[in-house]
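Geometric and topological summary
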Amino acid sequence: QVQLVESGGGLVQPGGSLRLSCAASGNIFSIDAMGWYRQGPGDQRELVASISTEGTVTKYGDSVKGRFTISRDNAKYTVTLQMFSLKTEDTGVYYCKADRVFTTSLDWGRDYWGKGTLVTVSS
């Protein structure tokens, strides 16, 4: 019923910038927190950034603090990750996550993951 689709991944040089977007679609009643996670080759998935329901509280992984900014647009059910000063170690597949998505006011909310978008930082 609900899908998350990421976009914006690609190849970028070290020090460059990239913007990732994620759009949620389906019969959505509400979404709590949303976030971005990434997974490098052979690595475990780690938190990059998360944002609360109203966008007032954000969290960032230590490795990206000061370089990445997360935002959301609840009118369009989108979440964006603006990345600056990219490093080679930022390379990986970036996944969008939506926490506690409700399709009705009475159902049990569940988490959804996007399929991921590849970000490659290389010169």
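Our structure is the block above this text.
A brief structural summary. (Residues numbered from 1 in each chain as written. Predicted model: local features only at pLDDT ≥ 70, side-chain atom pairs only at ≥ 80, totals over all residues. Heavy atoms only, no water.)

**Observations concerning the side chain of arginine 72**
Structurally, arginine 72 is set in strand S7 (residues 68-73). Comment: no salt bridge for buried arginine 72; closest opposite-charge side chain is aspartate 32, at 7.3 Å. At 2.7 Å, the side chain of arginine 72 forms a polar contact with the side chain of asparagine 74. Residues within four places of arginine 72 in sequence aside, it is in contact with Ile31, Asp32, Ala33, Met34, Ile51, Ser52, Thr53, Gly55, Thr78 and Val79. (Helix = DSSP H or I, 4+ residues; strand = E, 2+ residues; numbered from the N terminus. Buried < 20%, exposed > 50% of the residue type's maximum accessible area, 1.4 Å probe, protein only. Lys, Arg positive; Asp, Glu negative; His and termini not counted. Salt bridge = Lys/Arg side-chain N within 4 Å of Asp/Glu carboxyl O. Polar contact = N/O pair within 3.5 Å; in protein donor to acceptor, adjacent residues only side chain to side chain. Contact = heavy atoms within 4.5 Å.)

**Let's talk about the state of the cysteines**
As enumerated under the stated definition, the model contains one disulfide in all. For cysteine 22, the disulfide goes to cysteine 96, at an S-S distance of 2.1 Å. The sign of the -80° torsion about the S-S bond sets the cysteine 22-cysteine 96 disulfide as left-handed. Note that cysteine 22 is positioned in strand S3 (residues 18-26) and cysteine 96 in strand S9 (residues 92-101), a separation of 74 residues in sequence. On the basis of relative accessible area, cysteine 96 is assigned to the buried category, the value being 0%. (Disulfide = S-S within 2.5 Å.)

**Section: the pairing of S9**
Along S9, seven of the ten residues are buried, which leaves the element largely enclosed by surrounding structure. When strand S4 (residues 34-39) meets S9, the two strands line up antiparallel, connected through six bridges. Counted as the bridge partner of arginine 38 is tyrosine 94 from S9. Here three bridges tie S9 to strand S10 (residues 110-113), and the two strands are oriented antiparallel to one another. For valine 101, the partnering residue across the bridge sits in S10 and is arginine 110. (Pairing = 2+ DSSP bridges.)

**Digging into the environment of alanine 24**
Along the chain, alanine 24 falls in strand S3. For the pair alanine 24 and valine 119, spaced 95 residues apart in sequence, the C-alpha to C-alpha distance is 20 Å. Ignoring sequence-local partners within four residues, the contact set of alanine 24 consists of Gln3, Leu4, Ile31, Lys76 and Tyr77.

**Side note on the pattern of salt bridges**
Any two side chains of opposite charge can pair, so long as their charged atoms come close to each other. Applying the stated criterion across every chain, the model contains eight salt bridges. For arginine 100, the salt bridge goes to aspartate 32, with nearest N and O atoms at 3.3 Å. Linking arginine 100 in strand S9 with aspartate 32 in the loop between S3 and S4, this pair joins segments that are 68 residues apart in sequence. We note a salt bridge from lysine 76 to aspartate 73, for which the minimum N-O separation is 4.0 Å. Looking at aspartate 73, the relative accessible area reads 29%, which means it is partly exposed.

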